[in-house]
Every structure is written in C-alpha cells, then in structure tokens.
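Residue-level structure breakdown
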Amino acid sequence: NLSSPTMFLLLGFSSAYRAEVTLSLCFSLIYLVTVLGNLLIVTLVWLDAHLHSPMYFFLGHLSFLDICYSSVTLPKILGDSFSPQKTISFVGCITQIYFFLCFGGSECMLLATMAYDRYLAICHPLHYPVLMSKKMCHCLVAVSWLSGSFSSLIQAFLTARLPFCGSNTIDHLFCEMPFLLKVSCSPNAALNKAALYALAGTIAMGSFLLTLVSYVHIVRAVLHKGAGTQRAFATCTSHLTVVSLFFGAGAVVYLVPHSSSSKEMDEVLTLLYAVVTPMLNPIIYSLRNSEVKGAIRKAL
C-alpha cells in the first residue's frame, strides 16, 4: 500500500498530466481546423470561376497567410506540451519572432488592402474594374508581403543584438517580442524598445488607419446612396469581424503595460489573435458569404 503523502503526489501528477493532455488535444484540434478550413478557402478560390474576383483573390492570400501564421507557433506549443523541458534555442527564438512578425505584419497590410478593395467596389463601382485590375491586385499583395518581411527582418535583427545577461526564462507560450525585451539587460533598453515598437507600430497603425478611413467612406456612401449600397455593405461584415478580432487583441497585448497579475490575460489575448483568429477566419467568411457557401456546396 502507498503511504498518504506518496498517494497525494501521484494524484497531483496525474491531474497535471490530464490537464496537459486535454490542452494538447485542444491545440491539436484548433490547428487541424485552421489548416483544413483555410486550405478549403484557398482551393475554392483557385478552382471556382465565380470566385475569380479581387475580393476572393485577397481572401485566398489571407487564408494562406493564416496557415503560415498559425504554423509558426502551434507546432512548437504542441511539441512543448509533450516535453518535460520546454526550451528553444536563441536562434530558434529569433527565427520564430521573425516569421511571427512577418506573417502578422503581412496580414495587417492585407486586411487594409481588403478594406480598400471594398471601398473602391462600393464608392466607385463604375471605375472599380479599372482601378482594381489584375495587375493592381498582384501589386497590392506583393506590397503586403514585402512590408511584413522587411519590417520583421529589422525587428528580429535589432532584437538579436540585445544583450541577455540575466534570466533566460520567458514566461510566455512562445517567443514574442514584448516578453523577450523584458528579460534583456541592455542599458539602452528603453531606446531599443522605442525603435522596435516604432517599426511594429508603423505597420499595424498604418494598416488600421487605412482600414478605418476606408470604412468611414463606405459608411458615408451607404448612408447617402441608400438601399443600393446596403447589399454591397453586407460583404464587409465578415471583414469587419476579422479586423476587430485581430487588431483588438493585438493592440491590448502590445500597448497595455504587462504585469505578473495579468499573465493569464496576456496569454488568453495572445491565443486569440495568434491562434484562434486564423481558425475563425474561414468559418466567418464561409458562414456569412453566400458565394463561398455556394462554392462549397458545388464542390461537395
């Protein structure tokens, strides 16, 4: 027979193990839904002739970005959940930061591009085919990818040059810039943080302001032109939902001061924009869009 203290320790270990297995299963399910859902959108946009328009061209790229974005963090989180030592090399950490910021910044720019596309379609419908030509669509997508890549390259390079002479423990789910800066012992930490946040803010705030300005013009056009544009505005609701989730949670994580008491809230918000939003995007667009639902029915 086991003694009482030993039994208590074994029960505690068993409970912790069950919790980790449950979390691992949840993350596995989220990743599976994310990849399959976004892959379905990419395939539909590619195969269905009715979806060969600028709006769905951008949606296909957004879905591909979401697959890449979630693949930066979720496989590592899943691997760590089954490992007793949850570690990552310094090079691996900087690499994760680069790709996370690259895909995140590109998604910010692409969401702004999609808002601009809706603005042209609703406010300038007669000139829309000329203004949003195939060449323009490819240029806007290229600018989105290049902006995210260039900004993240500079941020990752500056972060890699910071001295880390104290604790090497990051109390977070994965390597993310604000939490890595907290363990740096640089005498110019404030200056480094200001430079890094300025680069990230330029992409994020620029994209958000462009999205906001586009929707101000869209709402104004809907109010002035009446019923004719209200149906067109219905195509914007899915995009507005995704923008609100992505920018809202990201702004709280990056702009609100962090404290030890808000650790759980930081992780929940990080999971919202880094893990949950890429999973919800295809669900939101498919459930609220009749053309996508029609393409799914046709494919089935």
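Quick caveat: nothing in here was measured; it's all calculated off a predicted structure. (Residues numbered from 1 in each chain as written. Predicted model: local features only at pLDDT ≥ 70, side-chain atom pairs only at ≥ 80, totals over all residues. Heavy atoms only, no water.)

Some details on the overall build of the protein
Defined as follows: Secondary structure elements follow DSSP: runs of H or I no shorter than four residues count as helices, runs of E no shorter than two count as strands, and numbering proceeds from the N terminus. Between buried and exposed lies partly exposed: a residue is buried under 20% and exposed over 50% of the maximum accessible area for its type, with that area taken using a 1.4 Å probe on protein chains only. It only takes one pair of heavy atoms within 4.5 Å for two residues to be counted as in contact. Throughout, the Shrake-Rupley method with a 1.4 Å probe supplies accessible areas, and for residues the shown protein chains are the sole cover considered.
On a plain count of helices and strands, the protein comes out with 11 helices and zero strands. In sequence order, the secondary structure elements of the protein are arranged as α-α-α-α-α-α-α-α-α-α-α. Looking at the protein residue by residue over its 300 residues, the buried ones come to 43%. Once local pairs closer than 6 in sequence are excluded, the contacts in the protein between residues at least 24 apart make up 76%. In the structure as shown, the protein presents an accessible area of about 16100 Å², 71% of it carried by carbon and sulfur atoms.

A few points about the state of the cysteines
Rules: Disulfide assignment relies on a single distance test, namely cysteine sulfur atoms paired within 2.5 Å.
As enumerated under the stated definition, the model contains one disulfide in all. Covalent S-S linkage joins C93 and C175, the inter-sulfur distance amounting to 2.1 Å. Around the S-S axis, the bridge from C93 to C175 shows a dihedral of about -120 degrees and counts as left-handed. Of this pair, C93 sits in helix α3 (residues 90-123) while C175 is found in the loop between α5 (134-160) and α6 (177-182), placing the two residues 82 residues apart along the sequence. The two residues C93 and C175 agree in class, both being buried. Here C139 is not disulfide-linked; the sulfur of C137 is the nearest cysteine sulfur, at 9.3 Å.

Points about the packing of aromatic side chains
Here is the rule we go by: Stacked, tilted and edge-to-face pairs are distinguished by plane angle, under 30 degrees for stacked and over 60 for edge-to-face with tilted covering the rest, among Phe, Tyr and Trp rings (Trp via its six-membered ring) whose centres lie within 6.5 Å.
Counted under the stated rule, the structure contains eight aromatic pairs. Considering the side-chain rings of F99 and F103, the 6.0 Å spacing of their centres and the 25 degrees angle between planes classify their relative orientation as stacked. Highlighted residues: F99 and F103, both in helix α3, separated by four residues, approximately one helical turn. Of the residues examined, F99 reaches a relative accessible area of 35% and is grouped as partly exposed. Considering the side-chain rings of F103 and W145, the 6.1 Å spacing of their centres and the 90 degrees angle between planes classify their relative orientation as edge-to-face. Linking F103 in helix α3 with W145 in helix α5, this pair joins segments that are 42 residues apart in sequence. Relative accessible area serves as the criterion here: at 12%, F103 is assigned to the buried category. Residue classification places W145 among the partly exposed residues on the basis of a relative accessible area of 23%. Members of the aromatic cluster, connected to one another through ring pairs, are F64, Y98, F99, F103 and W145.

Observations regarding the environment of G92
Along the chain, G92 turns up in helix α3. A residue is classified by how much of its surface remains accessible, and G92, at 23% relative accessible area, is partly exposed. In this structure the C-alpha to C-alpha distance between G92 and C175, which are 83 residues apart in sequence, comes to 9.0 Å.

Observations regarding the environment of I122
Relative to the assigned elements, I122 resides in helix α3. Overall, I122 belongs to the buried group, its relative accessible area being 3%. Residues I122 and V219, 97 residues apart in the sequence, show an inter-C-alpha distance of 9.6 Å.

Observations concerning a nonpolar patch on the surface
Our working definition: Put simply, a patch holds well-exposed residues, over 30% relative accessible area, that have no salt bridge, with like charges counted together within 9 Å and Val, Leu, Ile, Met, Phe, Trp or Tyr side chains within 5 Å. A side-chain nitrogen of Lys or Arg and a carboxyl oxygen of Asp or Glu constitute a salt bridge if their distance falls within 4 Å.
Among the surface-exposed residues, L29, L32, V33, L36 and I283 lie close enough to one another that they form a single nonpolar patch of about 430 Å² accessible area. No other element matches the four residues that helix α1 (residues 4-47) contributes to the nonpolar patch. Along the chain, L29 turns up in helix α1.

Quick notes on α3
Rule in force here: Expected span of a helix, by definition, is 1.5 Å for each gap between consecutive residues, and there is one gap fewer than residues.
In this model, α3 (34 residues) spans 49 Å end to end at C-alpha, consistent with the 50 Å of a helix rising 1.5 Å per residue. Of all 34 residues in α3, 26 are buried, a share of seventy percent or more.

A closer look at the packing of helix α2 (residues 54-81) against α3
For any two helices packed against each other, the geometry comes down to the angle between their axes and how far apart the axes lie. Here is the rule: With axes taken as lines fitted to C-alpha atoms, and helix axes fitted only over the stretch in contact, angles between N-to-C directions fall between 0 and 180 degrees. Roughly parallel covers angles under 35 degrees, roughly antiparallel covers those over 145, roughly perpendicular covers 65 to 115, and oblique covers all other angles. Throughout, a crossing is termed right-handed when the near helix is turned clockwise from the far one, and left-handed when it is turned anticlockwise from it by less than a right angle. In this classification, Asp, Glu, Lys and Arg are treated as charged, Ala, Val, Leu, Ile, Met, Phe, Trp, Tyr, Cys and Pro as nonpolar, and every other residue, Gly included, as polar.
One way to put it is that α2 packs onto α3 with a least axis distance of 10 Å and a crossing angle of 160 degrees. It follows that α2 is roughly antiparallel to α3 by the angle criterion. Pair α2 / α3 crosses with left-handed handedness. Residue composition of the contact of α2 with α3, by class: 15 nonpolar, six polar and five charged.

Considering the side chain of N38
For clarity, the cut-off: Distance and chemistry together define a polar contact, namely a pair of N or O atoms within 3.5 Å, with one atom able to donate a hydrogen and the other to accept it when in protein, and with adjacent residues in sequence counting only for side-chain atoms on both sides.
Of note, N38 is situated in helix α1. A distance of 2.8 Å separates a polar side-chain atom of N38 from the backbone oxygen of T34. With sequence-adjacent residues up to four places away left out, N38 is seen in contact with V33, S63, D66, I67, P278 and P282.

Structural notes on the UniProt feature "transmembrane region" (unreviewed entry) in the protein
Condition: UniProt positions are given in the numbering used here, feature names are shortened, and annotations may be inferred rather than shown by experiment.
UniProt annotation of "transmembrane region" (unreviewed entry) refers to residues 28-49, 97-116, 137-158, 196-220, 232-256 and 268-287 when read in the numbering used here. End C-alpha to end C-alpha, residues 28-49 measures 33 Å, and it is 91% helix and 0% strand.

Describing the side chain of S151
Note that S151 resides in helix α5. What makes S151 buried here is its relative accessible area of 9%.

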